[in-house]
Amino acid sequence: GPSTGGRGLSTRTAERPLEEGVDPRIAARRVAVAADRRRRRLRWTAWVLVAATVAALAWYLSRSSLLDVEVLRVDGVQQTTPEEVLEASGLSPGDPLLWIDQGAAAAGVEALPWVASATVHRNLDGTVRLAVVERQPALTVATPEGAPALVDGTGRVLAVVGPDELAAHDPPLVSVEGLTAPVPGQSLGPAAEGALAVVEGLTPGLRSRVTAVRVTAEGELELLLVPDIVVELGRPTELDTKLASLVTTLSLIDQTDLATLSLRVPGLPTATRRAP
């Protein structure tokens, strides 16, 4: 009796912690999970500290003299001076190399009258190179004061020049009459589109005979040819066809005493002659 009761008491005492407590395997798993969480938090904290340190170091280096602009170089200019390019770019030695706004610098340079495009290249040795492509003059238009202004094929006014400089230009530039040139850097505007297209479409042989392109008060176009021939192109439409018809017509007709040649209708050229 007592021995059996003792065994029963012992069994109940041993089983009670299992009924009221937690399975040792579950408890061990919870401890492992908690430890893993702590390790992840520590790793995350360490990565944050490393990233913050790297960012602070990068910011410091980008602002320090170690990554300053040391040398500014300008390539591709002939009509524009390097000093004008550098001033327009807004860049100067000592600027933080990694913080320069390349797009804004290029846009500033492209605002210069002669500049067609500009690109900004930076190297980690501190060199910044500004590569410039300049515009080419294609014609001349008089200013309000009557001085000749050089204009490129897009209508951009490049510079006002003197008669001697204009005469020395090779090849000679076509003069456009009936328009007034604004200040260098600005455009002739929509009124010049027809005249620009005519100048662009001139063949070498025809260009050598053209003394001027005239824009009339009515917005029509005329070509002045040597020797003293006026070619009436009319409205600025079908210009390629009209110029091709002009070349063909001049090769077929007798140009003696020819005064005007109308190509308002390209397929029906009409000519008038001076009285003998």
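All figures in this text were calculated on a predicted structure; none of them were measured in a lab. Every chain begins its residue count from 1, and numbering advances along the sequence as written. Reporting of local features is limited, given that this is a predicted model, to residues whose pLDDT is at least 70; pairs of side-chain atoms are given and counted only at 80 or more, and all residues count toward the totals for whole chains, interfaces and linings. Side-chain measures here rest on the full set of heavy atoms in the structure, leaving out hydrogens and waters.

Undergrad: Summarise the layout of surface pockets; cite the residues concerned and give the values.
TA: Both cavities and pockets are sets of points on a 1 Å grid over the protein atoms alone; in a cavity a 1.4 Å probe fits but cannot get out, in a pocket the set is open with protein on both sides within 12 Å along at least five of seven lines, and lining residues sit with an atom within 4 Å of a point. Grid points are joined across faces, edges and corners, and a volume is the space filled by probe spheres set on the points. Put simply, the largest pocket is a space of about 170 Å³. In this structure, the largest pocket is lined by Q78, Q79, W114, E134, R135, Q136, P137, L150, V161, E165, L166 and H169. Three classes are used, and their members are as follows: Ala, Val, Leu, Ile, Met, Phe, Trp, Tyr, Cys and Pro are nonpolar, Asp, Glu, Lys and Arg are charged, and the others, Gly among them, are polar. Classifying every residue of the lining of the largest pocket gives 5 nonpolar, 4 polar and 3 charged.

Undergrad: Break down the sheet that holds strand β12 (residues 270-273) for me, with residues and values.
TA: Reading across from one edge, β6-β5-β4-β7-β8-β9-β10-β11-β12 is the order of the 9 strands in this open sheet, with mixed pairing throughout. The open sheet terminates on both sides in strands that have one partner only, identified here as β6 (157-160) and β12. Between one strand axis and the next, the sheet turns through 25° on average, direction left out of account. For two strands to be treated as a pair, DSSP must find no fewer than two bridges joining them. Counting from the N terminus, the helices are the DSSP runs of H or I reaching at least four residues and the strands are the DSSP runs of E reaching at least two. Across 3 bridges, strand β10 (residues 229-234) lies against strand β11 (residues 258-262) in parallel orientation. Directly across from V231, in β11, lies its bridge partner L261. Contacts were defined at the residue level, with two residues in contact if any of their heavy atoms lie within 4.5 Å. Simply put, an axis is a line fit to the C-alpha atoms, just over the touching stretch for a helix, and the angle between two N-to-C directions goes from 0 to 180 degrees. Set on the sheet, helix α8 (residues 239-252) makes contact with β9 (221-225), β10 and β11; between it and β9 the angle comes to about 30°.

Undergrad: Help me get a handle on a nonpolar patch on the surface, residues and values and all.
TA: Residues forming no salt bridge and having over 30% relative accessible area are the ones grouped into patches, like charges within 9 Å of each other and nonpolar side chains (Val, Leu, Ile, Met, Phe, Trp, Tyr) within 5 Å. Only the protein chains shown count as covering a residue, and every accessible area follows the Shrake-Rupley method with a 1.4 Å probe. For this analysis, a salt bridge means a side-chain nitrogen from Lys or Arg found within 4 Å of a carboxyl oxygen belonging to Asp or Glu. A cluster of nonpolar side chains, namely L98, W99 and L124, defines an oily patch on the protein surface of about 350 Å² accessible area. Position of L124 relative to the elements: it lies in the loop between β2 (115-122) and β3 (127-134). What makes L124 exposed here is its relative accessible area of 67%. Only protein chains enter the accessibility calculation, which uses a 1.4 Å probe. A residue is then buried if its area is under 20% of the maximum for its type, exposed if over 50%, and partly exposed in between.

Undergrad: So what about the pattern of salt bridges? Which residues, and what values?
TA: Under the counting rule described, the total for this entry stands at 10 salt bridges. Between R264 and E220 there is a salt bridge, and its shortest N-O distance comes to 2.8 Å. With R264 in the loop between β11 and β12 and E220 in the loop between β8 (210-215) and β9, this pair connects stretches of sequence that are 44 residues apart. Residue R264 is classed as partly exposed on the basis of its relative accessible area, which comes to 38%. Here R264 and E232 are joined by a salt bridge, their closest N and O atoms 2.8 Å apart. Of the two residues, R264 is situated in the loop between β11 and β12 and E232 in strand β10; the sequence distance between them amounts to 32 residues. Owing to a relative accessible area of 19%, E232 belongs among the buried residues under this scheme. Linked by salt bridges that have partners in common, D36, R39 and R40 make up one network.

Undergrad: Summarise the side chain of D152; cite the residues concerned and give the values.
TA: As for its placement among the helices and strands, D152 is situated in strand β5 (residues 148-152). The definition of a polar contact used here is a pair of N or O atoms within 3.5 Å, where within protein one atom must be able to donate a hydrogen and the other to accept one, and adjacent residues in sequence count solely through side-chain atom pairs. Among the polar contacts made by the side chain of D152, one reaches the side chain of T154 at a distance of 2.8 Å. Beyond its immediate stretch of four places on either side in the chain, D152 contacts R135, Q136, P137, A138, L139, L158 and L196.

Undergrad: I'd like a description of the pairing of β3, backed by residues and values.
TA: Burial analysis of β3 places 6 of its 8 residues in the buried class, which makes it a mostly covered element. Of the pairings in the sheet, the one linking strand β1 (residues 71-75) to β3 comprises 5 bridges and is parallel in character. The residue bridging V74 from the neighbouring strand is L130, located in β3. Note that β2 and β3 share 7 bridges and pair antiparallel. Bridged to R122 within β3 is V128. Counting the residues that bridge the hairpin from β2 to β3 gives 4 residues, and of these G126 lies at a positive phi of roughly 95°.

Undergrad: I'd like to hear about helix α4 (residues 102-110), residue by residue, with values.
TA: Within the sequence span of α4, burial applies to A105, A106 and V109. The buried residues of α4 occupy one face: seen down the axis, they fall within an arc of 95°. Among the structural elements, α3 (82-89), β2 and β3 are those in contact with the buried residues of α4. One side-chain oxygen of the residue at the start of α4 lies 3.2 Å from the amide nitrogen of G103, identifying that residue as D101. Each C-beta atom gives one direction from the helix axis, and the arc is the one those directions make.

Undergrad: Could you give me a rundown of the sheet that holds β1, with the residues and numbers involved?
TA: If you trace the 3 strands from one edge of the open sheet to the other, you get β1-β3-β2, paired in mixed fashion. The open sheet has two edge strands with one neighbour each: β1 and β2. Adjacent strand axes in the sheet meet at a mean angle of 15°, parallel and antiparallel pairs treated alike.

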